[in-house]
Amino acid sequence: MATGTSFMVHAAPGILPTSESFMRMRNTVNNYGSVAKWLHWGTAILFLGSYISVYYRQWFTEDKTPENWIAIQLHLSIGVTIAVIVVLRIMWRMTNRVPDLEPGTRLEHLAAHAGHYALYAIMIIMPVTGYLGSGANTEFFFMFDIPKFESTWLFESVVRDGMGLTFEEFEKPLDFLHKAILGPWLVWLLIVGHASAALYHHFVKKDRTLRKMTIE
């Protein structure tokens, strides 16, 4: 047996993160990093899936059918996922710089900031009101159950015993906000406004606003 032989372990290319790949994960003065991009477009796809599931349930299924139940459970599961991703987005945003805004008027910059704050507010309020007002457990993508708020200790101790409200009384304003105000109107207005602003910057002002979130 040979002795005194030294061995060197070389990592295969692409296995360990390099400093360059790590820097691409983070935001820079000119671009959003890969993490911010994945979180942004992942949220957009989930919101689209949430609307598809709930509209499919409303337009193409009958009450108390398996298809109706599957659709609402997908809607609830996507909502929980959005809530988790939003928390991750906020944490990532707090630990990263935001790329500089493109040249524009003070009013344009104020509108951009207001639009982003409004979108974050909606991304928080919609999943929260959806969960709090749901009368069913969430079968999270049919893998495990998340208890409905009505079944939790927090509801019993704070809402029922502390505020003296039944679930129906507690749920009614949340349901109205989620289903009658935000979902069919305000969320769509914000999404259309956000997309329109990005396209305006890209095709009219011809700046890098849209490119920051799409390519390097």
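See the structure shown above.
Below is a summary of the structure that appears in this document.

About the criteria used
Starting afresh in each chain, residues are numbered from 1 along the sequence in its written order. Two thresholds apply to this predicted model, a pLDDT of at least 70 for residue-level local features and 80 or more for giving and counting side-chain atom pairs, whereas whole-chain, interface and lining totals are computed over all residues. Hydrogen atoms and water are omitted, and side-chain values are computed over all heavy atoms in the structure. Put simply, the grid is 1 Å and covers the protein atoms alone, a cavity is a trapped set of points that fit a 1.4 Å probe, a pocket is an open set with protein on both sides within 12 Å along at least five of seven lines, and lining residues have an atom within 4 Å of a point. Grid points are joined across faces, edges and corners, and a volume is the space filled by probe spheres set on the points. Here a strand is any run of E in DSSP of at least two residues, a helix any run of H or I of at least four, and the numbering for each starts at the N terminus. Basically, the charged four are Asp, Glu, Lys and Arg, the nonpolar ten are Ala, Val, Leu, Ile, Met, Phe, Trp, Tyr, Cys and Pro, and anything else, Gly included, counts as polar. Residues enter patches when their relative accessible area tops 30% and they take part in no salt bridge; the joining distance is 9 Å for like charges and 5 Å for the nonpolar side chains Val, Leu, Ile, Met, Phe, Trp and Tyr. Computed with a 1.4 Å probe, the accessible areas rest on the Shrake-Rupley method; for each residue, only the protein chains presented here act as cover. By convention in these notes, a salt bridge is any Lys or Arg side-chain nitrogen within 4 Å of a carboxyl oxygen on Asp or Glu. Think of each axis as a best-fit line through the C-alpha atoms, taken over the contacting stretch in the case of a helix, with angles from 0 to 180 degrees between the N-to-C directions. For any pair of crossing helices, the crossing counts as left-handed if the nearer helix is rotated counterclockwise from the farther one by less than a right angle, and right-handed if it is rotated clockwise. Throughout, a residue-residue contact means that at least one pair of heavy atoms, one from each residue, lies within 4.5 Å. These descriptions rest on fixed angle ranges, namely under 35 degrees for roughly parallel, over 145 for roughly antiparallel, 65 to 115 for roughly perpendicular, and the rest for oblique. Put simply, a nonpolar core is a bunch of buried Ala, Val, Leu, Ile, Met, Phe, Trp, Tyr and Cys residues held in one set by side-chain atoms that sit within 4.5 Å of each other. Accessible area is worked out with a 1.4 Å probe on protein chains only. A residue is then buried under 20% of its type maximum, exposed over 50%, and partly exposed in between. Pairing of aromatic side chains here covers Phe, Tyr and the six-membered ring of Trp, requires ring centres within 6.5 Å, and sorts the geometry by plane angle: under 30 degrees stacked, over 60 edge-to-face, intermediate tilted. Any pair of N or O atoms that falls within 3.5 Å is considered a polar contact. Within protein, one atom must be able to donate a hydrogen and the other to accept it, and sequence-neighbouring residues count only if both atoms are side-chain atoms.

Now for the layout of surface pockets. Approximately 790 Å³ is the volume attributed to the second largest pocket. Within the residue set of the lining of the second largest pocket, elements represented by two or more residues are α2 (34-60), α3 (66-94), α4 (106-132) and α6 (167-205). Considering every element that reaches the lining of the second largest pocket, the biggest residue donor is α3, with eight residues. Its residues assigned to classes, the lining of the second largest pocket shows 17 nonpolar, 12 polar and four charged.

The next subject is a nonpolar patch on the surface. On the surface, Ile 124, Ile 125, Val 128, Phe 176, Leu 177 and Ile 181 cluster together to form a nonpolar patch covering roughly 470 Å² of accessible area. Broken down by secondary-structure element, the contributors of at least two residues to the nonpolar patch are α4 and α6. With respect to the element layout, Val 128 can be found in helix α4.

In the contact formed by α3 and α4, the axes pass within 9 Å of each other and the chain directions differ by 145°. As α3 packs across α4, the resulting crossing turns out to be left-handed. Contact residues: α3 offers Gly 79, Ile 82, Ala 83, Val 86, Arg 89, Ile 90 and Arg 93, while α4 offers Tyr 120, Met 123, Ile 124 and Pro 127. In terms of residue class, the contact of α3 with α4 is built from eight nonpolar, one polar and two charged.

A few words on the pattern of salt bridges. Going through the model one piece at a time under the given rule, you end up with six salt bridges. Glu 150 is the partner of Lys 148 in a salt bridge, and the nearest nitrogen-oxygen pair spans 3.6 Å.

Attention now moves to the packing of α2 against α3. Two measures define how a pair of helices packs: the angle their axes make with one another and the distance between the axes. Following both chains from N to C, one finds α2 and α3 inclined at 160°, their axes separated by 9 Å at the closest point. Considering their axes alone, α2 and α3 lie roughly antiparallel with respect to each other. As for the relative orientation of α2 and α3, their crossing is left-handed in sense.

This next bit is on the nonpolar core. In this structure, Phe 47, Ile 82, Ile 122 and Val 187 are the most contacted members of the largest nonpolar core, which totals 16 residues. Elements represented by at least two residues in this core include exactly α2, α3, α4 and α6. What Ile 122 contacts, discounting residues up to four positions off in sequence, is Pro 127, Leu 182, Leu 186, Val 187 and Leu 190. Counting residues in hydrophobic clusters, the runner-up holds seven residues, among them Leu 132, Phe 149, Phe 155 and Leu 174.

Locating Ser 50 in the fold gives a position in helix α2. Taking the relative accessible area as the measure of exposure, Ser 50 reaches 10% and is therefore buried. The residues contacting Ser 50, other than those within four sequence positions of it, are His 75 and Ile 78.

Taken as a whole and judged by the stated rule, the model has 12 aromatic pairs. Their ring planes at 5° and their centres at 4.9 Å tell us that Tyr 55 and Trp 59 sit as a pair that is stacked. One end of the pair, Tyr 55, and the other, Trp 59, are both in helix α2, four residues apart, so they sit about a helical turn from each other. On the numbers, 5.6 Å between centres and 35° between planes, the contact of Phe 149 with Phe 170 is tilted. Taken together, the residues Phe 149 in the loop between β2 (144-146) and α5 (153-162) and Phe 170 in helix α6 connect sequence positions 21 residues apart. Overall, Phe 170 belongs to the buried group, its relative accessible area being 14%. An aromatic cluster is present here, built from Tyr 51, Tyr 55, Tyr 56, Trp 59, Phe 60 and Trp 188 joined pairwise through their rings.

Right, let's talk about the environment of Glu 108 for a bit. Mapped onto the elements of the fold, Glu 108 is located in helix α4. Those residues within four positions of Glu 108 in sequence are excluded, and the remaining contacts are Tyr 200 and Lys 205. Looking at Glu 108, its side chain comes within polar contact range of the main-chain nitrogen of Thr 105, at 3.0 Å. A distance of 3.0 Å separates a polar atom in the side chain of Glu 108 from a polar atom in the side chain of Lys 205.

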